[in-house]
2 protein chains.
Amino acid sequence: MIIAFQGEHGAYSEAATVAHFGETVQPLPCQSFETVFGAVTDGTADRGLIPVENSLAGSIHRNYDLLLRYDLTIVGEVQIRIAHHLIALPGVKLTDVFHVYSHPQALAQCERSLDELLPQAERVPAYDTAGSVKMLREEGNRDGAAIASRRAADYYPMSVLCDDLEDDPENYTRFLILSQEPVVPEGAAKTSIVFSMDNVPGALFKSLAVFALRDIDLTKIESRPLRGTHSSPSGKPWQYFFYIDFAGSVRETACRNALNHLQEITSFFRVLGSYPRGV
Amino acid sequence: MIIAFQGEHGAYSEAATVAHFGETVQPLPCQSFETVFGAVTDGTADRGLIPVENSLAGSIHRNYDLLLRYDLTIVGEVQIRIAHHLIALPGVKLTDVFHVYSHPQALAQCERSLDELLPQAERVPAYDTAGSVKMLREEGNRDGAAIASRRAADYYPMSVLCDDLEDDPENYTRFLILSQEPVVPEGAAKTSIVFSMDNVPGALFKSLAVFALRDIDLTKIESRPLRGTHSSPSGKPWQYFFYIDFAGSVRETACRNALNHLQEITSFFRVLGSYPRGV
């Protein structure tokens, strides 16, 4: 089975792929999120894996946009803790390091640790975390280190100079698994939907009533204002998109009734998928 | 009046500062968001301006964390459209450009335009947009260009090779203005709050009822799961933070009643500020 993900080998997305599918699948590195959607759509990959929210950085709206643009369905979710490691060529010591390479977000998440550990080192922004490790290996760079996943250190292979560099350990990323065909989840399920309503007082309250009246538990809610008519499916200005995840599957009667009820009051509505609840 | 913002002169945050306060204030560049909060807290700056959500990239949870950690209050909001420009030293032509520098997010937001305009150019990630323009100026770099705001081109000063490079024009960032002391908004007001509740079915529905029952309009809602006990104010695992903005001020009786009602059912609650509604 081929699983498309965004990034280089050793990326956090690849770590999530392996956490979910095990080591026997074939991870397929893609340059952009759009390439991941394209690979699943044209059959190059069997599944795609995309990050949708990080506990520190927030939701990745770009991937919600792509979920609306492509005709794929969510078939699973996986959440991993983002543990940043300081990685260098074997034999390189902390005192050798005068440049630290990584994605700006990873550098920012390790700011305090870097100040303590490597006050002498310049921080150099890079496209991605695992890509920085690859670059050090290819260049034979011995005065630099990179911040990336343990998987990146193992892949290239490189040494870990320091574990768990992140200033805040509450750093989790949630990924969705995409497929051409829906699944029938067994056991505890979750459903992701997106809808929009006219911006009138109480509209959101009414939409949540369809779930509350049926004791259906929500696990995520997010509003997103849409300015102008450019991206709005119904073409009306100042509408909102709401992203909601709830416990249950579209196969369950209560959930199906709630969604039918919801469609009575929404101007745009789409089920993104029902899938087994991740851990 | 001194206004602290994150980034170099010419940053989009500085453009937002000037859009809100006019050209007479003194913008104070800060290295990090935390430095902005610190500058307002210790009185180095009169106000701080921080981005909290972008229409494409989503909410910036980091700044909501800092709002909880520091004892400042929101006194205003401003929203600007993010228009990316291709900027180079005067006299440099498109055909001279072999490197394009910017923040990875800005490079990603101009991906298609760059493919058409500069297929030959390598994209080089940098810490920030305006910082890339400053770097080109300081190095006298004539085979590079940067993606940044028009304000950055004017400040250093540099030439704009190409306007509105962004692939999606629906690119808006909302900023909050922070102060030590609250304001009494006149005219249309908005209030931002954060609260948490135990994760029981219908909890969010009940919390929204306090607004719906009083015909108070919500303008933003976002849930954020908190894993473990590390960041959770009440120490309980698997709680959620909810961020809500609503129309009205804490000075209005209906809003005050709604907030009193809300505190009956929340385990953590804080008003982040009431402020005049931005345009």
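Residues numbered from 1 in each chain as written. Chains lettered and ligands numbered in written order. Predicted model: local features only at pLDDT ≥ 70, side-chain atom pairs only at ≥ 80, totals over all residues.

As for the overall build of chain A
Point 1. The helix and strand tally for chain A stands at nine helices and 15 strands.
Point 2. With respect to the principal axes defined by its C-alpha atoms, chain A has extents near 65 × 40 × 35 Å.
Point 3. Here chain A, with 279 residues, has 51% of them falling under the buried criterion.
Point 4. Sequence separation of at least 24 residues holds for 75% of the intrachain contacts in chain A that already meet a minimum separation of 6. (Helix = DSSP H or I, 4+ residues; strand = E, 2+ residues; numbered from the N terminus. Buried ≥ 20, exposed ≤ 12 C-beta atoms within 10 Å, placed from the backbone. Contact = placed C-beta atoms within 7 Å.)

As for the sheet that holds strand 8 (residues 122-125) of chain A
All names here are of chain A.
Point 1. Across the sheet, which stays open at both edges, the five strands sit in the order 8-7-9-6-10 with mixed pairing between neighbours. The open sheet has two edge strands, strand 8 and strand 10 (159-162), and neither has a second partner. For this sheet, the mean angle separating the axes of adjacent strands, direction not counted, is 35 degrees.
Point 2. Here helix 6 (residues 129-139) sits on the sheet and contacts strand 6 (85-88), strand 7 (99-102) and strand 9 (144-148); the angle it forms with strand 9, its principal contact strand, is near 150 degrees. (Pairing = 2+ DSSP bridges. Axes fitted to C-alpha atoms, helices over the stretch in contact; angles between N-to-C directions.)

Some remarks on the pairing of strand 6 of chain A
All names here are of chain A.
Point 1. Here strand 6 shows two buried faces, one formed by His85 and Ile87 and the other by Leu86 and Ala88.
Point 2. Sheet topology places strand 6 next to strand 9; three bridges connect them, and they run antiparallel. For isoleucine 87, the partnering residue across the bridge sits in strand 9 and is alanine 146.
Point 3. Across three bridges, strand 6 lies against strand 10 in antiparallel orientation. When the sheet's bridge partners are listed, isoleucine 87 is paired in strand 10 with valine 160.

Quick notes on the packing of helix 2 (residues 33-41) of chain B against helix 3 (residues 61-69) of chain B
The packing of two helices is summarised by the inter-axis angle and the distance between the axes.
Residues and elements named next belong to chain B.
Point 1. Where helix 2 meets helix 3, the closest approach of the two axes is 10 Å, and the angle between their N-to-C directions is 30 degrees. Here helix 2 is positioned roughly parallel relative to helix 3, judged by the angle of their axes. Crossing geometry of helix 2 relative to helix 3 is assigned as right-handed. Every residue of helix 3 that contacts helix 2 at Phe33, Glu34 and Phe37 is listed here: Arg62, Asn63 and Leu66.
Point 2. A per-class count over the contact of helix 2 with helix 3 returns three nonpolar, one polar and two charged. (Parallel < 35°, antiparallel > 145°, perpendicular 65-115°, else oblique. Left-handed = near helix turned anticlockwise from the far one by under 90°. Nonpolar A, V, L, I, M, F, W, Y, C, P; charged D, E, K, R; others polar.)

Some words on unusual backbone geometry
All names here are of chain A.
Point 1. Omega for the peptide link from tyrosine 156 to proline 157 comes to -25 degrees, which places this bond in the cis form.
Point 2. Among the secondary structure elements, proline 157 is positioned in the loop between helix 7 (150-155) and strand 10.
Point 3. Of note, aspartate 164 is a non-glycine position whose phi angle comes to about 45 degrees, a positive value.
Point 4. Its location among the elements puts aspartate 164 in the loop between strand 10 and strand 11 (172-179).

Overview of the domain arrangement of chain A
One widely used convention gives an interface's size as the accessible area the parts lose upon coming together.
Point 1. For chain A, the assigned domains read domain 1 (2-81 + 171-179), domain 2 (85-162) and domain 3 (189-276).
Point 2. One C-alpha centre belongs to domain 2 of chain A, the other to domain 3 of chain A; they are set 42 Å apart. (Domains from an automatic or database assignment.)

Overview of the relation of the copies chain A and chain B
Point 1. Of the transformation placing chain A onto chain B, the axial shift is 0.0 Å and the rotation is 180 degrees, giving an RMSD of 0.0 Å. Put plainly, the chains are arranged around a two-fold axis. Scanning chain A for the C-alpha nearest the rotation axis identifies A:Glu222, at a separation of 2.2 Å.
Point 2. Most of the interface of chain A is mirrored in chain B, where 100% of its interface residues again form contacts. (Least-squares fit on C-alpha atoms with pLDDT ≥ 70 in both.)

Structural notes on the environment of B:Gln180
All names here are of chain B.
Point 1. Note on placement: glutamine 180 falls in the loop between strand 11 (172-179) and strand 12 (189-197).
Point 2. Here glutamine 180 falls in the partly exposed class, since 16 other C-beta atoms lie within 10 Å of it.
Point 3. Separated by 135 residues in sequence, glutamine 180 and alanine 45 place their C-alpha atoms 10.0 Å apart.
Point 4. Every residue in contact with glutamine 180, bar those within four places of it in the chain, is listed here: Val40 and Leu72.

Some details on the pairing of strand 3 (residues 47-54) of chain B
For a regular strand, the rule is simple: side chains alternate between the two faces of the sheet.
All names here are of chain B.
Point 1. Within strand 3, seven of the eight residues are buried, leaving the element largely enclosed by the surrounding structure.
Point 2. The pairing of strand 1 (residues 2-6) with strand 3 spans three bridges and is parallel. Its bridge partner lying in strand 3, alanine 4 is registered against glycine 48.
Point 3. Relative to strand 11, strand 3 runs antiparallel, the two being bridged by six bridges. Bridge pairing in strand 11 places proline 51 opposite phenylalanine 175.
Point 4. Between strand 3 and strand 4 (residues 58-59), which follow one another and run antiparallel, lie three residues.

Quick word on the sheet that holds strand 8 (residues 122-125) of chain B
Residues and elements named next belong to chain B.
Point 1. Read across the sheet, five strands follow the order 8-7-9-6-10 without closing on themselves; strand pairing throughout is mixed. Looking at the sheet topology across the chains shown, the edges are occupied by strand 8 and strand 10 (159-162). Pairwise comparison of adjacent strand axes, ignoring direction, gives a mean angle of 35 degrees for this sheet.
Point 2. Running over the sheet, helix 6 (residues 129-139) touches strand 6 (85-88), strand 7 (99-102) and strand 9 (144-148) and is turned about 150 degrees from strand 9.

Quick word on helix 1 (residues 12-21) of chain A
Point 1. Burial analysis of helix 1 of chain A places seven of its 10 residues in the buried class, which makes it a mostly covered element.
Point 2. Here helix 1 of chain A has its buried residues at A:Tyr12, A:Ser13, A:Glu14, A:Ala15, A:Ala16, A:Thr17 and A:His20.

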